[in-house]
Amino acid sequence: MGSAWKQLPDDLSVPAKLLTEELRAVKDATGLSLSELAARTHYSRASWERWLNGKRIITEQALDALIGAVECDGPALRALWERTAAAGAAAGDAAADGEPIADGDAEAAAEAVPDPVPDAAPDPEAAPEPAPEPGARDVRRRRPAALVAASVAVALLLALLGARLLSSSDGQDGAAPTAATVPASAPASGAAQASPSVAVPANPAPSVPACQALGCAHKDPKATGCGGDARTLLTTNIGKVVVYLRYSLKCQAAWAAITEGQPGDQATISTSAGETETALIHWGYDNYSWMVNAADPAVTLQVCGQRKDPEGAACTASVSDLARTVASTPIPPGPASPPAAATTDPAQPAPSDPPSQTS
C-alpha cells in the first residue's frame, strides 16, 4: 500500500533523488511500516525515516541488508547507490548514519506506527544520535568522498598502464620498426623519468631471401631480394656490349645480365644440369634474366651473349669450381644501371621478360 510521501529536499543531487525514490517504491511495494522495515534490516526506524525522506543517503551496508530482507531489484539499487556515491552527492550529508539495532529489540521495533513521520513532529521512538567524542573524527561521513577519491586514483592508474602497454607494443606487429623512441637520459634503476625522448635507429632486421636454390629457379632476382648480395663472377665483351655472370650466395642462384646493348641483343645463362635463362633487351640498352639453380657446388655456369647486328657473339669462361670462385670474388656494386631516361621508352610496348634494369 502506497504512502503519502513528502517532497524531497531541493538540494539533493539527481542520482540521490532517484535512489531515494526507488527506496520509497520498494517500501510501498512491500507494504512494510518503518518499524517493520527496521526489524527486518536491523537498522533503526529513525535511520530509515532519514533515508526515505532524503535527509541522509542510505549506507551501503544498510542497502545490502534491505536487498537481503525484501524482494527488490538488487542490482538496480546498487547501481543507483554507486552513482550517488561517485557523484559525491551531499558529501556532508551522505553519511553512514544508520544505527543497527540489537536482535532483541526487533519485536519492539515491529510495532506499527504511522509513517512516514512529518518533519514538524519529531519521532518519539527515534533514539538520539550519540554526540561524537571531543576531537574524534566522524569517519562515517567521509565514506562517499573516499570512494570517489579511490575511483579516480584507480582510473588514473589504469589509464597510465594502458598508455605504457600501447607504447611498448608499438611496432611489434608486421615489419620491424625503423626507429625506436627512448629517453634521452635513462636512470640505471630503470625508474620512469619525465625526460625528453629522442628517436634512435633500430637495428635493421636481417634480410631474408624469398627463395633459395631450386626454389629460385625461373624467378626474378630483384623481386625475390636475391640482388642484395649479388656479385659478378665473370664478364665478357662483344664490341661495346658487356655480358655478366651474376650470382647470389644467400639465394644460391645465378643469372645473366647485359648492358651497353640495343633492342634485340641478348645474354643467356646455362648450367651443366641443362637449365637456361635469357636476358633479351626489348628497349633501352640493358636487361637481366630470371635465375637458375646454383646450389650444387659441382654445377658449371656460363653466360653467352648474342648481338642482333653482324658483330657476332661471345661467351664467358665456364665456372666449374663455384665455391672457390665465389670465395675469391667480393660483392661489388655490380654493373651500374643506366639512367632512367635511357631505360624507359614510352613508344615501346611493355616487355614480357623482366624489366629493363640490370640486377
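Everything numeric here is computed off the predicted structure, so don't read it as measured data.

**Student:** Please set out the state of the cysteines residue by residue, giving values where relevant.
**Tutor:** Within the structure shown, the criterion is met by three disulfides. Between C226 and C251 runs a disulfide, and the two sulfur atoms are separated by 2.1 Å. Measuring the twist about the S-S bond at about -95°, one finds the C226-C251 disulfide to be left-handed. Placement of the pair is C226 in the loop between β2 (197-201) and β3 (231-238) and C251 in the loop between β4 (241-248) and β5 (253-259), with a sequence separation of 25 residues. Classification of C226 as buried rests on a relative accessible area of 0%.

**Student:** Got a sec to walk through the pairing of strand β6 (residues 266-271)? Specific residues and values, please.
**Tutor:** A one-sided burial pattern is seen for β6, the buried positions being A267, I269 and T271 and the unburied ones Q266, T268 and S270. Both β6 and strand β7 (residues 276-280) contribute to a ladder of five bridges, which runs antiparallel. Residue pairing for β7: T268 is matched across the bridge by T278. Adjacent in sequence and paired antiparallel, β6 and β7 are bridged by four residues, among which G274 carries a positive phi angle near 95°.

**Student:** How would you explain the nonpolar core if you had to name every residue and give the values?
**Tutor:** If you look at the biggest cluster of nonpolar residues, it comprises 26 residues, and the most contacted ones within it are L23, W48 and I58. Counting only elements with at least two residues in this core, the list comes to α1 (14-30), α2 (34-41), α3 (45-52), α4 (60-69) and α5 (74-86). Sequence-distant contacts of I58, that is, excluding residues within four places in its chain, are made with L19, L23, W48, W51, L63 and W81. The next biggest cluster of nonpolar side chains, apart from the first, holds 22 residues, and it includes A256, I281, V299 and L301.

Calculation rules
Residues numbered from 1 in each chain as written. Predicted model: local features only at pLDDT ≥ 70, side-chain atom pairs only at ≥ 80, totals over all residues. Heavy atoms only, no water. Disulfide = S-S within 2.5 Å. Helix = DSSP H or I, 4+ residues; strand = E, 2+ residues; numbered from the N terminus. Buried < 20%, exposed > 50% of the residue type's maximum accessible area, 1.4 Å probe, protein only. Pairing = 2+ DSSP bridges. Core = buried A, V, L, I, M, F, W, Y, C linked by side-chain atoms within 4.5 Å. Contact = heavy atoms within 4.5 Å.

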